[in-house]
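Fold and contact review
Listed here are the chains, written in short residue letters.
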2 protein chains.
Amino acid sequence: MREIILADNAGFCFGVSRAVKEAFTLGEKGKKVFTFGELIHNRDVVEKLKDSNVEVLENDPGEALKKDDTVIIRSHGLSEENVKKLKASSDNVVDLTCPYVSNIHRIVREHADLGYTVVILGDKNHPEVMGINGWCYNKAIIVRNGSEDFRVPLKVCAVAQTTEKLENWVSLITRLSAEAKEIRAFNTICAATGLRQNSTEELSKKVEAMVVIGGKHSSNTTKLYEISRNNCINTYFVENAEELKQYTEELKKYSRIGVTAGASTPDWIIKEAIELL
Amino acid sequence: MREIILADNAGFCFGVSRAVKEAFTLGEKGKKVFTFGELIHNRDVVEKLKDSNVEVLENDPGEALKKDDTVIIRSHGLSEENVKKLKASSDNVVDLTCPYVSNIHRIVREHADLGYTVVILGDKNHPEVMGINGWCYNKAIIVRNGSEDFRVPLKVCAVAQTTEKLENWVSLITRLSAEAKEIRAFNTICAATGLRQNSTEELSKKVEAMVVIGGKHSSNTTKLYEISRNNCINTYFVENAEELKQYTEELKKYSRIGVTAGASTPDWIIKEAIELL
């Protein structure tokens, strides 16, 4: 008998769930709806949204938008500059920035204005981080774990991408504490992320193989993969059930398989993968 | 030929230097002068002050003081409660709290009032730490390096005794970063302390023996001794030249001897010790 165990806290977090639901609702109203960038890092969801009249706007909004088009700011958030651009192009901007991310925007702006140098722990190419940096005048120092070669400011305000690993945060703050005179450190790692990572960590120690479901561009899913791979050498990273098919033969030799999924993986995809296994 | 090397930054720091100078000046005016507790952790200085009309008040000021006596708040600072007691007993309270310590008082009061739990890195029995704690309503958590068993608050304000070691500070902030949601960390270790420690560290690596001069109750001198002892097994901890005499025979075998001194060791004592060597 084969056992498939789904990790606790797998899948959509609060902010993503809210954004996806709202986007489908807006699309179903019939008017043209755009999201500025893919709504979430999940191709299947993006495809389904397209079927529901919600399209992706990749470039400068000024080019494509008409004033009465609806345009969605996704849960990752946007820089102040881009929010302004959207509002100049459309009268119907729907801000679905995750409230936890908006809170980071508020923190970095306030501290930049108070004279603190902002340090963001995260991926400098990730839209969430680019958005946050925009709110502190694009002057933040962006680091992966604090071990980088950078000059620690005397007065520093530290925040983290919501999907960061706690160990990177601790590593950054340890570095800052040795050199800064004053630190204001806001651990903005989302609780959902931490819980999801803990559940994945625990589950990956108890099974013979792990399947991690999520977009390859998804920061939080990649971290789940790393955590799982650390404990369980047979960890498979797939985007959906379709992609999992190539491994089903290989997976047959395991009797206990764990499944987890990133914040941008909808329940239907998790369900399909489990059924396939 | 024998070499005696004095460490850079040895001896009085700014706050202590100011307090000692002012106390002698007040004593020489002829009126009765008291210090609330020994002015500095150095018996020779305390004796010299006595000769200059400056006495130590150990107990409740209400008992001993007359309204027109002058009473000095020493550089370590005092709790708000004790400041009030002194002011109720004397009309001539001279506050010689080190301005760096007063700054810590301001920080902990402000943050206690803002709802942060204050964590003080330091020795809970040291007058500086007791004074600081008084300014945050005696509600601070007092730790030696953060590895203790205590509940890390969600919102925490951390400060350090001015004479702390940087490694203990880093250790505390690392611990806090793993568990707190928001940290405001003020590295209040006095620059003089750090410089003195670095100079002692460097010197103790280059000599055959080290002499550390300072009071046995002096927190910062004890730390100098520990740092020196780590690099140089032949480290001697003495309070003055008189105490050094017992080791002069033993010290004759070394041709390179380093000398350092704590923040409460006056220049004349350092000079005497060097002359003896």
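So, how was this worked out
Residues numbered from 1 in each chain as written. Chains lettered and ligands numbered in written order. Predicted model: local features only at pLDDT ≥ 70, side-chain atom pairs only at ≥ 80, totals over all residues. Heavy atoms only, no water. Core = buried A, V, L, I, M, F, W, Y, C linked by side-chain atoms within 4.5 Å. Buried < 20%, exposed > 50% of the residue type's maximum accessible area, 1.4 Å probe, protein only. Helix = DSSP H or I, 4+ residues; strand = E, 2+ residues; numbered from the N terminus. Contact = heavy atoms within 4.5 Å. Buried area = accessible area lost by both parts, 1.4 Å probe. Salt bridge = Lys/Arg side-chain N within 4 Å of Asp/Glu carboxyl O. Polar contact = N/O pair within 3.5 Å; in protein donor to acceptor, adjacent residues only side chain to side chain. Nonpolar A, V, L, I, M, F, W, Y, C, P; charged D, E, K, R; others polar. Pairing = 2+ DSSP bridges. Expected span 1.5 Å × (residues − 1). Arc of directions from axis to C-beta. Axes fitted to C-alpha atoms, helices over the stretch in contact; angles between N-to-C directions.

Counting residues in each nonpolar core, the largest one holds 32 residues, and the members touching the most others are A:Trp169, A:Leu172, A:Leu176, B:Trp169, B:Leu172 and B:Leu176. Of all the elements in the fold, those that place two or more residues in this core are β6 (117-121), β8 (155-160), α7 (166-179) and β9 (182-186) of chain A together with β6 (117-121), β8 (155-160), α7 (166-179) and β9 (182-186) of chain B. Those residues in contact with B:Leu176 that sit more than four places away from it in its chain are B:Phe150, B:Val152, B:Val156, B:Ala158 and B:Ile183.

Let's shift gears to the interface of chain A and chain B. Opposite the 17 residues of chain A that make contact, chain B presents 17 residues. Both sides of the chain A and chain B interface together cover about 1,400 Å² of buried area, and 49% of this is carbon and sulfur. There are zero salt bridges connecting chain A and chain B. Here chain A and chain B share seven residue pairs in polar contact (both at pLDDT 80 or more) between them. When grouped by side-chain class, the residues that make up the side of chain A that touches chain B number 10 nonpolar, four polar and three charged. Two strands pair when backbone bridges link them, and β9(A) and β9(B) are joined in this way by five bridges, in the antiparallel orientation. Bridge assignment links A:Arg184 to a residue of β9(B), and that residue is B:Arg184.

Let us now look at helix α8 (residues 191-206) of chain A. Residue and element names in this part refer to chain A. For α8, spanning 16 residues, the distance from its first C-alpha to its last is 23 Å, which sits close to the expected 22 Å at 1.5 Å a residue. All of the buried residues in α8 are Thr193, Arg196, Gln197, Ser199, Thr200, Leu203 and Ser204. Seen from one end, α8 has its buried residues packed into an arc of 165 degrees, which puts them on one side. Facing away from the buried side of α8 by more than 90 degrees, the exposed set consists of Ala191, Glu202, Lys205 and Lys206.

All names here are of chain A. The strand order across the open sheet formed by four strands is β3-β2-β4-β5, and the pairing between neighbours is parallel. On the outer flanks of this sheet lie β3 (54-57) and β5 (92-95), each paired with one strand and no other. Each strand axis lies, on average, 30 degrees off the axis of its neighbour in the sheet, ignoring direction. Where strand β4 (residues 70-73) lies against β5, four bridges are found, and the strand directions are parallel. Bridge pairing in β5 links Ile73 to Asp95. Where helix α4 (residues 80-89) meets the sheet, it contacts β2 (33-36), β4 and β5, and its direction lies at approximately 170 degrees from that of β4.

For the rest of this paragraph, the subject is helix α12 (residues 267-276) of chain A. Residues and elements named next belong to chain A. Taken residue by residue, α12 has Ile269, Ile270 and Ala273 as its buried positions. Across the axial projection of α12, the buried residues extend over an arc of 100 degrees, all falling on one side. In α12, the exposed positions that point more than 90 degrees away from the buried face belong to Asp267, Lys271 and Glu275. If you follow the buried residues of α12, they end up packed against β1 (3-6), α2 (43-51), β10 (209-213), α10 (241-244) and β12 (256-261).

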